[in-house]
Amino acid sequence: MVLVLEGNPWDVVDLRAKKAMTTRRAFLQTAAASGVLSTGIPRFAHGWDKLTINHGAATVHPLATRSAMRILQSGGNAIDAAISAALVLGVVDGHNSGIGGGCLVLIRTAKDQILAIDGRETAGQSAHEQMFVRDGKADPKLSQNGPLAAGVPSQIAAMKQMHTAAGRLPWKDLFADAKKAAFDGVLASKSIGRTIAAEADELRKYPASKEIYFHPDGSPIREGELLVQKDLASTLGNLAEQGADWFYQGPFAQSCENYLKSIGGILTAEDFRLYQPKLRTPIRTKYRSYEVIGFPPPSSGGIHIAQMLMMLEPYPIGVWMRSREDAYYHLLCEVMKRAFADRAHWLGDSDFVDVPAGLLDPQYAQDRMADFSSARASSNIDHGWPNGSSERELNSSEPAPGEDRKHTTHLTTADDEGNWVAMTCTVNTSWGSKVTVPGTGVMLNNQMDDFSISPGTPNAFGLIGSQSNAVAPGKRPLSSMSPTMVLDQSRQPILTAGAAGGPRIINATLQVLLRVLDGGCSVAEAVAAPRVHHQWRPDQLLFEDQIGVGTPWEITPAIRDRLTALGHPLKASGALAISQAIHRQSNRLEAAHDPRAHGSSEA
Ligand code: DON
């Protein structure tokens, strides 16, 4: 029996336990206890159309997931929970993300709105195309480490916008867990220990970084040792009490300018004052019976996931995934190459360059696949010519293969009212610029490396770009971050996913979606299943050979042989991206964290 509730959702409450119904949680508890919810999917005319009876969160760190769940269980909604979890991650997982970095956030509110909040860092007002060129040659060391590598940190501004738009608990309450973790200290995780050791030479160059991440005898903090961040705790306290203006209009911005100036940086207090997060128009694509919602430029993720889904749609993905895996991976690889060739050429900050809308035209997707052959790998893919495009200079030389690095973090939360959040946060590569602003505990990002710093110079992920993604004052570097939501036919959220892993984010998110939507996998299986990655240049099909061994999803030697016979240059890889996701089945949420990292999920 399906219980259909028309009119005010609180009506049902009045019928059953009027007095207890002062909060939605009380309603849920009573309704669940009375069996109402187990009889089917209630549909409401106002507010939430479909109800879930639980809430969930997934992040790469148990303390962050716990923080999200604590907020959800103490009257907060999914937006509050995501902010709190992201702040905790900045303390316990600071090599990946933090308030010195930025984020892209997709929110589906219980009122059925979609908000795409662009909290991407911007280049300072005195940034320019030649800023990383020395003696006529671009020097990626300058865009990857040190004072020039940082864009204006933007995570706090984005969180403020999230909170203003749809948060519920007081702003200051969302800082409590992060502040406590920073003040009391946390045991350094394996990846904290590994990345401090790996970046020790650069980190030691900056006294405030050295003071936090090294013992007084100069040895680095190792896995399992206590990492205490008193300055960061005090910064979080100031943000909690004084709000985002303390960061963008006040003492933080000034300390940052003063310090960066003293070590050759260019960001100023004025750059902070000018920073604004932007509300973007999300990308909406029909895929089978679903609507997939992605993040638009300055991310490339939404466009390319949409493009690839359109190219894939004519094929029986679910069947091939289970019984013709070579055909499945061959097809995936071919659509990835076409999408990433377009990425390198056409994508950049749409406030500065025209990103052709024709990239999202289903006819264009069909045309791009006109030369697809099921019998051989294509060897001469170039970018396409979508409607609305005009020529621009391409950085044409071959990039170095991207290093096998994993940084950044994707988290997701959903509540029982129908608010869902997909949030990807990053300082870019591990420990960002390595520069900590003295007295603040804030490590600045190295997001400037996501620009195409000069023709032919690959970034840390081996990506090349065109003029579309060249440095300009106030511009946002192109991102691969792909917070994504999927709605069902009645516009209700059914799935959300995203990932960390540079360009691998786009392909990993796509594969999680396909496993659930076409393959019928549980979200945990979908996140865990092995993946492949191709980014056009270098011409290399990466595959995970150690993941999923012995499961039905293993990329077996027989599958690999067949892909090699089709002409794909295969290369075994470690973990390709770290994904978190939430799926709703009927009225129950299931949250999943990626077993490739040491996260946790609860629902
Ligand atoms: O925005 C981007 O695309 C990158 N800054 C993300 C970096 C990342 O995922 C690092 N992980 N490997």
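The structure under discussion appears in the preceding block.
Predicted model, so just to flag it, every value in this text is computed and none were measured. (Residues numbered from 1 in each chain as written. Predicted model: local features only at pLDDT ≥ 70, side-chain atom pairs only at ≥ 80, totals over all residues. Heavy atoms only, no water.)

**So, the overall build of the protein chain**
Logical step 1: Scanning the protein chain from terminus to terminus reveals 21 helices and 22 strands.
Logical step 2: Per-residue burial for the protein chain yields a buried fraction of 65% across its 603 residues.
Logical step 3: Total accessible area computed for the protein chain in this model is approximately 21,200 Å², and 51% of it derives from carbon and sulfur atoms. (Helix = DSSP H or I, 4+ residues; strand = E, 2+ residues; numbered from the N terminus. Buried < 20%, exposed > 50% of the residue type's maximum accessible area, 1.4 Å probe, protein only. Areas by Shrake-Rupley, 256 points an atom, 1.4 Å probe, with all protein chains shown as cover.)

**Notes on the packing of helix H4 (residues 78-92) against helix H7 (residues 176-184)**
Logical step 1: Here H4 crosses H7 at 10 degrees, and the two axes come no closer than 8 Å. Classified by the angle their axes make, H4 and H7 are roughly parallel. You can see that H4 and H7 cross each other, and the crossing is right-handed. Contacts from Ser 84, Leu 87, Val 88, Val 91 and Val 92 in H4 reach Asp 177, Ala 178, Ala 181 and Ala 182 in H7.
Logical step 2: Here the contact of H4 with H7 is composed, by residue class, of seven nonpolar, one polar and one charged. (Axes fitted to C-alpha atoms, helices over the stretch in contact; angles between N-to-C directions. Parallel < 35°, antiparallel > 145°, perpendicular 65-115°, else oblique. Left-handed = near helix turned anticlockwise from the far one by under 90°. Contact = heavy atoms within 4.5 Å. Nonpolar A, V, L, I, M, F, W, Y, C, P; charged D, E, K, R; others polar.)

**Side note on the side chain of Asn 469**
Logical step 1: With respect to the helices and strands, Asn 469 occurs in the loop between strand S14 (442-443) and strand S15 (484-487).
Logical step 2: Given a relative accessible area of 5%, Asn 469 falls into the buried group.
Logical step 3: In terms of polar contacts, Asn 469 uses its side chain to reach the backbone carbonyl oxygen of Asp 450, at 2.8 Å.
Logical step 4: In this structure, Asn 469 is in contact with Leu 347, Asp 450, Phe 451, Ser 452, Lys 475, Pro 477 and Leu 478, ignoring residues within four places of it in sequence. (Polar contact = N/O pair within 3.5 Å; in protein donor to acceptor, adjacent residues only side chain to side chain.)

**Some remarks on the site of the ligand**
Logical step 1: Surrounding the ligand, one finds 16 residues, the nearest of these being Thr 408, Gln 447, Asp 450, Ser 479 and Gly 502.
Logical step 2: A distance of 2.6 Å separates a nitrogen atom of the ligand from a polar atom in the side chain of Gln 447.
Logical step 3: One of the backbone N or O atoms of Gly 502 is found 2.6 Å from an oxygen atom in the ligand.
Logical step 4: Taken by itself the ligand offers 340 Å² of open surface, and the protein chains cover 99% of this.
Logical step 5: Its residues assigned to classes, the shell around the ligand shows three nonpolar, nine polar and four charged. (Near = heavy atom within 4 Å.)

**Considerations on the packing of helix H17 (residues 325-346) against helix H19 (residues 504-517)**
Logical step 1: For the pair H17 and H19, interaxial distance at closest approach is 11 Å and the crossing angle is 140 degrees. As summarised for this structure, H17 and H19 are arranged oblique, according to the angle between their axes. In this structure, H17 meets H19 at a crossing whose hand is right-handed. Across the interface between the two elements, Tyr 328, Tyr 329, Leu 332, Met 336, Phe 340 and Arg 343 from H17 touch Ile 506, Asn 507, Leu 510, Gln 511, Leu 514 and Arg 515 from H19.

**Quick notes on the sheet that holds strand S2 (residues 102-108)**
Logical step 1: Strand order across the open sheet formed by seven strands is S8-S3-S2-S12-S11-S1-S22, with antiparallel pairing between neighbours. Looking at the sheet topology across the chains shown, the edges are occupied by strand S8 (278-280) and strand S22 (600-602). Along the sheet, successive strands turn relative to each other by an average axial angle of 15 degrees, direction set aside.
Logical step 2: Bridge count for strand S1 (residues 56-59) against strand S11 (residues 409-414) is three bridges, and the pairing is antiparallel. Looking at S11, one finds that Ala 57 is bridged to Thr 413.
Logical step 3: Helix H3 (residues 62-73) contacts S1, S11 and S22 of the sheet and is inclined by roughly 160 degrees relative to S1.
Logical step 4: Together, S1, S2, S11 and strand S12 (420-426) form the strand contacts of H4, whose direction differs from that of S11 by roughly 150 degrees. (Pairing = 2+ DSSP bridges.)

**Describing the sheet that holds strand S21 (residues 588-592)**
Logical step 1: With antiparallel pairing, six strands are arranged side by side in an open sheet as S9-S10-S15-S16-S20-S21. In this open sheet, the two strands that pair with only one neighbour each are strand S9 (283-287) and S21. Between one strand axis and the next, the sheet turns by 15 degrees as a mean value, whatever way the strands run.
Logical step 2: Looking at chain direction, S15 and strand S16 (residues 493-500) are connected through four bridges and run antiparallel. Following the sheet pairing, Met 485 is matched in S16 by Thr 496.
Logical step 3: On the sheet, H19 packs against S9, strand S10 (290-294), S15, S16 and strand S20 (578-585) and is oriented at approximately 150 degrees with respect to S16.

**Remarks on the pattern of salt bridges**
Logical step 1: Under the counting rule described, the total for this entry stands at 28 salt bridges.
Logical step 2: Across the pair Arg 491 and Asp 112 runs a salt bridge, and its minimum N-O distance is 3.1 Å. Residue Arg 491 is found in the loop between S15 and S16, and its partner Asp 112 is found in the loop between S2 and strand S3 (114-119); the two are separated by 379 residues along the sequence.
Logical step 3: Overall, Asp 112 belongs to the partly exposed group, its relative accessible area being 25%.
Logical step 4: Across the pair Lys 278 and Asp 351 runs a salt bridge, and its minimum N-O distance is 2.7 Å. Here the residue Lys 278 occupies a position in strand S8, and Asp 351 occupies one in the loop between H17 and helix H18 (362-368), the gap between them amounting to 73 residues.
Logical step 5: Overall, the relative accessible area of 30% leaves Lys 278 in the partly exposed class.
Logical step 6: Linked by salt bridges that have partners in common, Asp 118, Lys 278, Arg 280, Asp 351 and Arg 476 make up one network. (Salt bridge = Lys/Arg side-chain N within 4 Å of Asp/Glu carboxyl O.)

**Structural notes on a nonpolar patch on the surface**
Logical step 1: A contiguous nonpolar surface patch, about 260 Å² in accessible area, is contributed by Leu 187, Leu 226 and Val 228.
Logical step 2: With respect to the helices and strands, Leu 187 occurs in strand S6 (residues 186-187).
Logical step 3: On the basis of relative accessibility, which here comes to 57%, the residue Leu 187 falls in the exposed class. (Patch = residues over 30% accessible without salt bridge, like charges linked within 9 Å, V, L, I, M, F, W, Y side chains within 5 Å.)

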